[in-house]
Amino acid sequence: MSRVGQSPVVVPDGVSIEILDGILTAKGKLGAQSLPISGEVNVAIEDNIVTVSPKNNSKRSRSMWGTTRASINNMLTGCLLYTSPSPRDQRGSRMPSCA
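Residues numbered from 1 in each chain as written. Predicted model: local features only at pLDDT ≥ 70, side-chain atom pairs only at ≥ 80, totals over all residues. Heavy atoms only, no water.

*Asks:* Provide a residue-level description of the side chain of Arg 69, including the pertinent values.
*Replies:* By the element assignment, Arg 69 lies in helix α2 (residues 59–81). Glu 46 provides the closest opposite charge to the buried, unpaired Arg 69, separated from it by 16 Å. If near-sequence neighbours (up to four positions away) are discounted, Arg 69 is found in contact with Val 4, Gly 5, Ser 7, Pro 8, Val 9 and Val 52. (Helix = DSSP H or I, 4+ residues; strand = E, 2+ residues; numbered from the N terminus. Buried < 20%, exposed > 50% of the residue type's maximum accessible area, 1.4 Å probe, protein only. Lys, Arg positive; Asp, Glu negative; His and termini not counted. Salt bridge = Lys/Arg side-chain N within 4 Å of Asp/Glu carboxyl O. Contact = heavy atoms within 4.5 Å.)

*Asks:* An account of the environment of Ile 45 is requested, with residue identities and associated values reported.
*Replies:* Within the secondary structure, Ile 45 is located in strand β5 (residues 41–46). Relative accessible area serves as the criterion here: at 35%, Ile 45 is assigned to the partly exposed category. Here the alpha-carbon distance between Ile 45 and Glu 18, two residues 27 residues apart in the chain, equals 7.8 Å. For Ile 45, the residues in contact, after removing those within four places along its chain, are Ile 17, Glu 18, Ile 19 and Val 50.

*Asks:* So what's going on with α2? Which residues, and what values?
*Replies:* Here α2 is 23 residues long and its end C-alpha atoms lie 33 Å apart, about the 33 Å a rise of 1.5 Å per residue gives. Buried within α2 are the following residues: Ser 61, Met 64, Trp 65, Gly 66, Thr 68, Arg 69, Ile 72, Met 75, Leu 76, Gly 78 and Cys 79. (Expected span 1.5 Å × (residues − 1).)

*Asks:* Could you give an account of the nonpolar core, naming the residues involved and the relevant values?
*Replies:* Formed by 18 residues in total, the largest nonpolar core has its most connected members in Leu 24, Val 41, Val 43, Val 50, Ile 72 and Leu 76. Among the elements of the structure, β3 (23–28), β5, β6 (49–54) and α2 are those that each provide at least two residues to this core. Looking at this core element by element, the count peaks at 6 residues for α2. Setting aside chain neighbours within four positions, we find Leu 24 in contact with Ile 17, Glu 18, Ile 19, Gln 33, Ser 34, Leu 35, Ile 37, Val 43, Ile 72 and Met 75. (Core = buried A, V, L, I, M, F, W, Y, C linked by side-chain atoms within 4.5 Å.)

The following block contains the structure:
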């Protein structure tokens, strides 16, 4: 059982969230982000609380349960707290594979 997936995600003030065609979209004062929802989990929004539950008891479904909940939480935090990119993010990578 996922300890992360069990806890609901509270939608903070200033962020709106909706699910359309299997894509969860969050809009806040600093932008919008979207997350495709895996077919392995159920996501429900009720009274500014997002709950995630596995569709069945398979290992993949249970794995996606906690992962999806964590991704939603990070997405909501990013819509509310993200600031402009740092100069470090604007320069190119020094890794040759990222050229």
